[in-house]
Amino acid sequence: MKLVLASKNPHKLEELQAILDGLGVEVLLESDAGVDVEVEETGATFEENARIKAEAVMKASGLPAVADDSGLCVDALNGAPGVFSARYGGEGLNDVGRYRLLMDNLRGMLDRRAKFVSCICCCFPDGTVLEARGECAGTIAYAPQGSNGFGYDPVFFVPGMKKTFAQLTPEEKNAISHRGNALRVFAEKLREHLKG
């Protein structure tokens, strides 16, 4: 079975292929399926945004499509940046600018609890929808550390590992990350669906 990943990110493709290895599923990027869909993420939740993207790519390609929406939710900021994680602070900011803004907004606050959330949605042409959610709890560090990863990884500290996401190897991160957790749940649901 072919599955289209509603993303232009080759890193997400590698991650998904690694988790789905052994299920007999070939995962394609949108470009490999001959589609280029720009989707406006208008959902109020990660689940809604993942579904919007998966449905759009499924309709454009005629193939089952899988999408994820993920972000960082900080307790002291009432869950912000949340669904706006990739757009936090507006268009002009890059990853470093976004996590610096986050740290500025937390200045003087003792509650540093946060979690990364990933929601995955797979839409099939027959109307079947599979959804999965994964989370990883941590805290926001007082200074960026590490050079691996992307986004908020340098400031997301995992107490159990005593490291930020950016200090972990890709294997260590995949074992505990929100996306790794969501992908494992999704892989199990897909395995059941393919049996059925």
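Data block above holds the structure.
Here we summarise the structure given alongside this text. (Residues numbered from 1 in each chain as written. Predicted model: local features only at pLDDT ≥ 70, side-chain atom pairs only at ≥ 80, totals over all residues. Heavy atoms only, no water.)

**Observations concerning the packing of helix H1 (residues 10–20) against helix H5 (residues 178–195)**
The relative placement of two packed helices comes down to the angle between their axes together with the axis-to-axis distance.
Moving on, step 1. Relative orientation of the contacting elements H1 and H5 amounts to 45°, with a least axis distance of 9 Å. It follows that H1 is oblique to H5 by the angle criterion. In the packing of H1 onto H5, the handedness of the crossing is right-handed. Across the interface between the two elements, Lys12, Glu15, Leu16, Ile19 and Leu20 of H1 pack against Arg179, Gly180, Leu183, Arg184, Phe186, Ala187 and Leu190 of H5. (Axes fitted to C-alpha atoms, helices over the stretch in contact; angles between N-to-C directions. Helix = DSSP H or I, 4+ residues; strand = E, 2+ residues; numbered from the N terminus. Parallel < 35°, antiparallel > 145°, perpendicular 65-115°, else oblique. Left-handed = near helix turned anticlockwise from the far one by under 90°. Contact = heavy atoms within 4.5 Å.)

**What to know about the sheet that holds strand E7 (residues 163–164)**
Moving on, step 1. Pairing is mixed in the open sheet, where seven strands are placed in the order E2-E1-E3-E4-E5-E6-E7. A single partner strand is all that each edge strand has here, and the edge strands are strand E2 (26–29) and E7.
Moving on, step 2. Packed onto the sheet, H1 meets strand E1 (2–5), E2 and strand E3 (65–74) and runs at close to 175° relative to E2.
Moving on, step 3. Set on the sheet, helix H2 (residues 46–61) makes contact with E1, E3, strand E4 (113–123) and strand E5 (129–140); between it and E3 the angle comes to about 160°. (Pairing = 2+ DSSP bridges.)

**What about the pairing of E3?**
Moving on, step 1. Within E3, nine of the 10 residues are buried, which leaves it mostly tucked inside the rest of the structure.
Moving on, step 2. Across two bridges, E1 lies against E3 in parallel orientation. Counterpart to Val4 in the pairing with E3 is Ala65.
Moving on, step 3. Relative to E4, E3 is paired through 10 bridges, and the arrangement is antiparallel. Each residue of the ladder has a partner; that of Leu72, found in E4, is Phe116. (Buried < 20%, exposed > 50% of the residue type's maximum accessible area, 1.4 Å probe, protein only.)

**Re H5**
Moving on, step 1. An ideal rise of 1.5 Å per residue puts 26 Å on 18 residues; H5 measures up with 26 Å between its terminal C-alpha atoms.
Moving on, step 2. What H5 keeps buried is the set His178, Arg179, Gly180, Ala182, Leu183, Phe186, Ala187 and Leu190. Taken around the axis of H5, the buried residues stretch over an arc of 160°, which confines them to a single face.
Moving on, step 3. Among the structural elements, E1, H1, E3, E4, E5 and helix H4 (170–176) are those in contact with the buried residues of H5. (Expected span 1.5 Å × (residues − 1). Arc of directions from axis to C-beta.)

**A word on the pattern of salt bridges**
Moving on, step 1. Applying the stated criterion across every chain, the model contains 20 salt bridges.
Moving on, step 2. Between Lys8 and Asp36 there is a salt bridge, and its shortest N-O distance comes to 3.3 Å. One end of the pair, Lys8, is in the loop between E1 and H1; the other, Asp36, is in the loop between E2 and H2, and 28 residues separate them in sequence.
Moving on, step 3. According to the relative accessible area criterion, Asp36 is exposed, its value standing at 61%.
Moving on, step 4. Of the charged contacts, one joins Lys195 and Glu192 as a salt bridge, the two residues approaching to 3.4 Å between their closest N and O atoms. Placement of both Lys195 and Glu192 in helix H5 is noted, with a separation of three residues, approximately one turn of the helix. (Salt bridge = Lys/Arg side-chain N within 4 Å of Asp/Glu carboxyl O.)

**As for empty space enclosed by the protein**
Moving on, step 1. Tallying each qualifying case throughout the model produces one cavity of 30 Å³ or more.
Moving on, step 2. What the largest cavity holds in volume is close to 80 Å³.
Moving on, step 3. Listing elements by their share of the lining of the largest cavity, those giving two or more residues are H1, E3 and H5.
Moving on, step 4. By residue class, the composition of the lining of the largest cavity is six nonpolar, no polar and four charged. (1 Å grid on protein atoms, 1.4 Å probe; cavity = no way out; pocket = protein on both sides within 12 Å on 5 of 7 lines; lining within 4 Å. Points joined across faces, edges and corners; volume = space filled by probe spheres on them. Nonpolar A, V, L, I, M, F, W, Y, C, P; charged D, E, K, R; others polar.)

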